[in-house]
Amino acid sequence: RVLPFEAVRELTPEEFVDFLADELRPRALVCGANFRFGFRAKGDTDMLQALGKQRGLTVAVEDLVPSTASDGGEAQASSTGVRMALASSNVNSAAALLGRPHRVLWRS
């Protein structure tokens with residue numbers, strides 16, 4: 001199921017978890033240690049685990065994945081970093097963060 005970001009961007013952390021539990025009905029949630037959610041990123045991983053527990057959801061918080069920047073230095077792998085690299089046409093940096101070449105999939 002695909003939802004426009006506009007449909008969820010102003011939900012409070014509590015409303016967001018309620019939405020996940022009631023509408024999407026996941027078996028579990030997995031996020032990175034720096035995950036933020038809810039309007040103005042007010043929710044963090046501790047809150048997600050607490051709210052998830054109240055709703056019967058298993059929440060796994062994973063350590064962040066270190067990566068190598070295209071210049072050989074260290075970088076933190078993140079979807080934001082990948083998006084920024086691709087937005088500036090730096091596919092080498094995106095590939096370094098991903099640990100593999102970036103690819104685009106589409107359906108016709």
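Look above for the structure.
Residues numbered from 1 in each chain as written. Predicted model: local features only at pLDDT ≥ 70, side-chain atom pairs only at ≥ 80, totals over all residues. Heavy atoms only, no water.

1. Thoughts on the overall build of the protein chain
Next up, step 1: From N to C terminus, the protein chain includes four helices and four strands.
Next up, step 2: In the protein chain, the order of α-helices and β-strands from amino to carboxyl end is α-β-α-β-β-β-α-α.
Next up, step 3: Over its C-alpha atoms, taken along the principal directions, the protein chain stretches across nearly 45 × 35 × 25 Å.
Next up, step 4: Counting over 108 residues, the protein chain shows a buried share of 24%.
Next up, step 5: Counting contacts in the protein chain only where the partners sit at least 6 residues apart, residues at least 24 apart contribute 46% of the total.
Next up, step 6: Carbon and sulfur atoms form 51% of the exposed surface of the protein chain, whose accessible area is close to 8100 Å².
Next up, step 7: Of note, the protein chain has its 13 positive side-chain charges centred 7 Å away from the centre of its 13 negative side-chain charges. (Helix = DSSP H or I, 4+ residues; strand = E, 2+ residues; numbered from the N terminus. Buried < 20%, exposed > 50% of the residue type's maximum accessible area, 1.4 Å probe, protein only. Contact = heavy atoms within 4.5 Å. Areas by Shrake-Rupley, 256 points an atom, 1.4 Å probe, with all protein chains shown as cover. Lys, Arg positive; Asp, Glu negative; His and termini not counted. Charge placed at Lys NZ, Arg CZ, Asp CG, Glu CD.)

2. Observations concerning the layout of surface pockets
It is a probe the size of a water molecule, rolled over the atoms, that shows where empty space is left.
Next up, step 1: When its volume is computed, the largest pocket comes out at roughly 320 Å³.
Next up, step 2: As for the largest pocket, its lining consists of 13 residues, of which Gly-32, Asn-34, Phe-35, Ser-78 and Ser-79 are closest to the centre.
Next up, step 3: A per-element tally of the lining of the largest pocket places helix H3 (residues 79-87) first, with three residues.
Next up, step 4: For the lining of the largest pocket, the residue count by class is four nonpolar, five polar and four charged. (1 Å grid on protein atoms, 1.4 Å probe; cavity = no way out; pocket = protein on both sides within 12 Å on 5 of 7 lines; lining within 4 Å. Points joined across faces, edges and corners; volume = space filled by probe spheres on them. Nonpolar A, V, L, I, M, F, W, Y, C, P; charged D, E, K, R; others polar.)

3. Brief notes about unusual backbone geometry
Next up, step 1: One non-glycine residue, Ala-41, lies in the positive phi region at around 55°.
Next up, step 2: Relative to the assigned elements, Ala-41 resides in the loop between strand S1 (28-32) and helix H2 (45-54).
Next up, step 3: The phi dihedral of Ser-89 falls on the positive side, at around 60°, and the residue is not glycine.
Next up, step 4: Position of Ser-89 relative to the elements: it lies in the loop between H3 and helix H4 (91-98).
Next up, step 5: On the basis of relative accessible area, Ser-89 is assigned to the exposed category, the value being 63%.

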